[in-house]
Structure formats: structure tokens, C-alpha cells
Amino acid sequence: MYLNELDNFHFDLPDLGTAPQVAVPNAAPDELDLSALPIPAASSPVGNVDAPQIGSLSAADEELFKGVIAKYFSDEVPSAPSSGSTDDVQPEKKNCLLKDNGFGIGIPETDIVRNLHYDEADTVNTEEIRKQFPILHQKVNGHDLVWFDNGATTQKPLRVIDGLSEFYKTDYSNIHRGAHTLAARSTDQYEGAREKVARFINAPAKENILFVRGTTEGINLVAQTFGRKFLEKGDNVIVSTLDHHANIVPWQQMCKLQGAELRAIPIDKNGDLILSELEQLITPHTKFISVGHVNNTFGTINDVESIIRTAHSHNIPVLIDGAQSIAHTKVDVQQLDCDFFVFSGHKIYGPSGIGVVYGKKEWLEQLPPWQGGGNMIKDVTIEHTEFNEPPARFEAGTPNIADAIGLGYALDFVQSVGIHNIERHEHELTEYARQQISRIPGITIMGNPKKRVSVISLDIPGIPAPQVGQLLDKEGIAVRAGHHCAQPALRALGYEMSVRPTFAVYNTKEEVDRLVIALQKIVADVQNR
Ligand SMILES: *Cc1c(COP(=O)(O)O)cnc(C)c1O
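These numbers come from a predicted model, not from an experiment.

In spatial order, the strands read S4-S10-S9-S8-S7-S5-S6; together these seven strands make up an open sheet with mixed pairing. Looking at strand neighbours, the two that pair on one side only are strand S4 (209-212) and strand S6 (261-265), the edges of this open sheet. The sheet shows a mean angle of 20° between the axes of neighbouring strands, direction not considered. In this structure, strand S9 (residues 340-344) lies alongside strand S10 (residues 355-359), joined through five bridges in antiparallel fashion. Counted as the bridge partner of Ser 344 is Gly 355 from S10. In the packing of helix H7 (residues 249-258) onto the sheet, the strands contacted are strand S5 (236-240), S6 and strand S7 (286-292), and the crossing angle to S6 comes to about 145°.

Geometrically, the link from Pro 390 to Pro 391 is a cis peptide bond, its omega value of 5° lying close to zero. Position of Pro 391 among the secondary structure elements: in the loop between strand S12 (385-387) and helix H12 (401-417). A positive phi is found at Asn 315, a non-glycine position, where the angle reads about 60°. Topologically, Asn 315 is positioned in the loop between helix H9 (304-313) and strand S8 (318-321).

Here we come to the pattern of salt bridges. Evaluated as defined, the whole model comprises 21 salt bridges. Notably, a salt bridge pairs Glu 496 with Arg 491, separated by 2.8 Å at the nearest N-O pair. The network of salt bridges with common partners includes Glu 191, Arg 194, Lys 206, Glu 207 and Glu 395.

Reading the values: rules and limits
Counting of residues starts from 1 at the beginning of each chain's written sequence and follows it residue by residue. Reporting in this predicted model follows two pLDDT cut-offs: at least 70 for local features of residues, and 80 or more for side-chain atom pairs to be given and counted; totals over whole chains, interfaces and linings ignore these cut-offs and use all residues. Side-chain descriptors were evaluated using all non-hydrogen atoms of the structure, hydrogens and water having been removed beforehand. In this description, strands pair whenever DSSP reports at least two bridges between them. Each helix is a run of DSSP H or I of at least 4 residues and each strand a run of E of at least 2, with the numbering of both proceeding from the N terminus. Lines fitted to the C-alpha atoms define the axes, with helices restricted to the stretch that makes contact. Angles between their N-to-C directions range from 0 to 180 degrees. By definition in these notes, contact holds between two residues if any of their heavy atoms fall within 4.5 Å. By salt bridge we mean one thing: a side-chain nitrogen of Lys or Arg within 4 Å of a carboxyl oxygen of Asp or Glu.

None of this, on its own, says anything about what the molecule does.
In C-alpha cells, the structure reads:
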């Protein structure tokens, strides 16, 4: 089910009458029993015994090994650098002839990706899913942890934790410039992760995918490269009032630098963008539109399709900040027709420190390099540098190799559950929570967006949000309390801060019930003061 179909979706919510009645969780939850978790014993000997050891190779193996290295070099380095072209460098064709060491290594990662069978099950088996997240099985302040801070970051499944550990134990090397076996393995896995990302968002090719540190760095990359080349005095850029600071500040800085103006699509009291205003904001000097897909404070799903259509009718390129949408709904960049799409690995069950910029080929080819250094060059003299093609042009220096690979594992996890199933599960939880919380007198839910996902912002008049956050923490419930890096959005609705529970695939209705009971207690305490 896609988000735009959810309007027609009916939920059977229990009729709770006027007084809130929520299930009281069992008094004594089970003790944390880590042995019950399916954490596989380390299946690989540390210091992989199968790894070729130079110096101890048989003559035949040595020939094979030399062949691999020769092939690797012939692919890596253009034979005639004076031609100035690396068009014949096709890293995805680089098959290294390595033995499978039990982790699928030796098979080019690209083939592994193609052969993966993703099971799009019909329902989300929360119990099974929770077993894959060891961190959830602990007590905080004497209570089972409830992780409702998913809008800030998501927890990691074993697939990611163990995958990273195995990579560091067996294959880790720097990439691209390597002349040896581990460099080839690491390069294959890093480029394999790029291909997984491309497939996940339906990019035309893996060359459309740049690895960066996260959404923030991705938007800075686009703002700075596009801004330096295309923004001039008197131009303007459009963002939205709902946007995260990461989509406001980089554009504000670039506009200041170039003498351009930053404009923002306004919002209404429900927390919906007033899209009828967009046409009035656009002028012949509008050079770029950059907007969020899903808002992180009210959970608003913006009608980005319509924004992109309007922008393109004026030949204006569009960046979509997908930090809050990527883990919650199907993203198809070709269907959206956005020019750029940016997201962070850590909000989709992947590692922190890794993120993605998708860019259309024609834009990536036009944009100047961002940072200078190794890997982003074709040829360097002291006077002059010839830059590499995208994506290498935008990945100067040693990248975050392991976490890119870890992000690939996170996407495997999401696909094994099915993004539509995740979306449905979270939508049910969100609407259930809204319903239950709205029945507690003394609590205000901020905004009421038409289409929304995963996020609820609350206000309890009489108690500052951070204090509510601390009281919930005493009950083992982790929520965000503050301005969520979205001050213009909160202020537009008359608030400075909110208490924000956000939901993910591993959350349950029982956890929502615990939140509701805790909130009821907090409100009762305030009223009895
Ligand atoms: C979290 C978030 C960002 C920033 O992501 P980082 O991972 O901190 O770079 C940007 N936009 C939105 C909507 C977000 O929720």
C-alpha cells in the first residue's frame, strides 16, 4: 500500500468510550535474557585461515594471484593516461577471482544483490523482528526499554552489527587504489553497497549514488556545488517552513554568499504546506527548490510530486530531503523525477556516519567538485588537476567504507521485511497512538496533517517538554523532547518545543499503551500539584 492510498484505509480502533482505558502491561516483565537472542556464534576464525598469505603461496596460486592483481590494475588504471579518458574503467565489471570464504566474498557483490530474494511478507512479525535488535532487550530505570526516538535515529539489526564485525575481521582494506586481495574484496563490497542503494531507490545506475556522511553533508554538498556555479546576485532559492535546519541553513549560507534570497513555502495550522503559494514564490530568478519529503515534527508527508512538477514547469531543479521518508515509505527517484534525493543511513537501521546523495546524471556531470583530494582526480600536476567522473569526483579521500557496506546490510533488512509492510505497521501504530493520546485531557497533539507517518508531537501545558522527556525516561521510554532542529515549523504553530514519540518497525501497540499510561500519570501529577 502506498501512502496516497492510506486515505481510503480504515482502521478498527477499539471504542474506548470517554474515559481512557488502556491495557496495563504485566507488572513484572521478564528479565533480560541475552542467551535467548539469536546472536550467532562467531562463525569465522579471526585471522581468516583461507586468506591467501603472500610468501606461502604455491607456484600455481602465485600465478593466479598475479593474474588477479594484473587484471585489477588493468581495470583500475587507464593504460594510456595521456588520452585523458577513463571511460573504459568499469569497476562493476571487476570480478576478482577469490575463493568464497563463507561470507559470499569472492562472488562480486553485484551478483549477490541480483540474486537476493526479498520476501515481501504480508504482515510484520514484530516479535521476530525484535529478536534481531539486541539493544531493545534491556531494562532502563527498571523498565523494559521502549525506543520511541526513531525520528532521531533507529536501532541496528544483527544483520548490520554482525556484517560490520565480519567485514572488519576478514576483509577490511582501503579501496580503489589497492593492488591486493583485501583491497579487491573491500572495493567489491563498497561498490556493491552503492548498487544496493541504487536499486533500493530505483536510481538508473549506481553512478547516480554518492556516499556522504549523512543528509546534512549531502545537502551541503549540493548547496555548495550548485550554489557556487549557478547562483548569482538577485537569484532566489525556495525551501519550506516545515524543513529541518539541515535543509535551511546550508541554503541560507550559500544565498548570503552569492547575494541571493532564501524563500520558504508557508504552512497552515495543521502542519500542511500551503502549496497554492508556491507559484507566487517562484520568479524567473528562482534557481533551486529544496524541500523535505516527510516532516520530522508533525509527520507531514509533503506532496513532493506536485512540487517537483511545478518546479520543472519552470525548469527549476529540486532536491528532496528524504531523511524522514526513506525508512517509512517506498521511494522511487525516477517516478518522483526529483533531481537530487538525500538521506542518512542511521535513520534506516544503518550505521551513523554514512549517507547518500542521489543525483540525476546531467546534474552530477555539470556540478563542480566539492572537496579536493585523492580519488576525485584523473590527473594532477602542480599547476592543474583533471577531475574524475561522478561519483568519484564527489568522494575525495578515503570514504566511510565499512559503514557504506553496513548501510547495504540495513537495506537488505528493510527489503526482507518489505517497505510496504513497514509503512502499514507504522501507520497503524501512529494512528492508534494519536487516538489514545488525544483522549487524555490536558495533552495537546500539535498539528493534524492530512497525510502523515510515524511522528507525533505533544504539548502538556504546565510542564516543559524536556521535563516530560525525563519523566518518560524514568519509565524506560525514550522520546525526543526539544525543538527537533525544526524551529520554524514549531514556531509557525506557536510552539518552541515538543515531546515527540516516533515509531519504527520494531515498535508495538503494547509499547504505545505504556506511553499512554505514563503520560496519564504525568498529567495527573501536574493537575494534583
Ligand atoms: C535527521 C534529519 C536531517 C539530518 O540528518 P543527519 O543524519 O543529522 O544529517 C535532515 N532532515 C530531516 C527531515 C531529518 O529528519
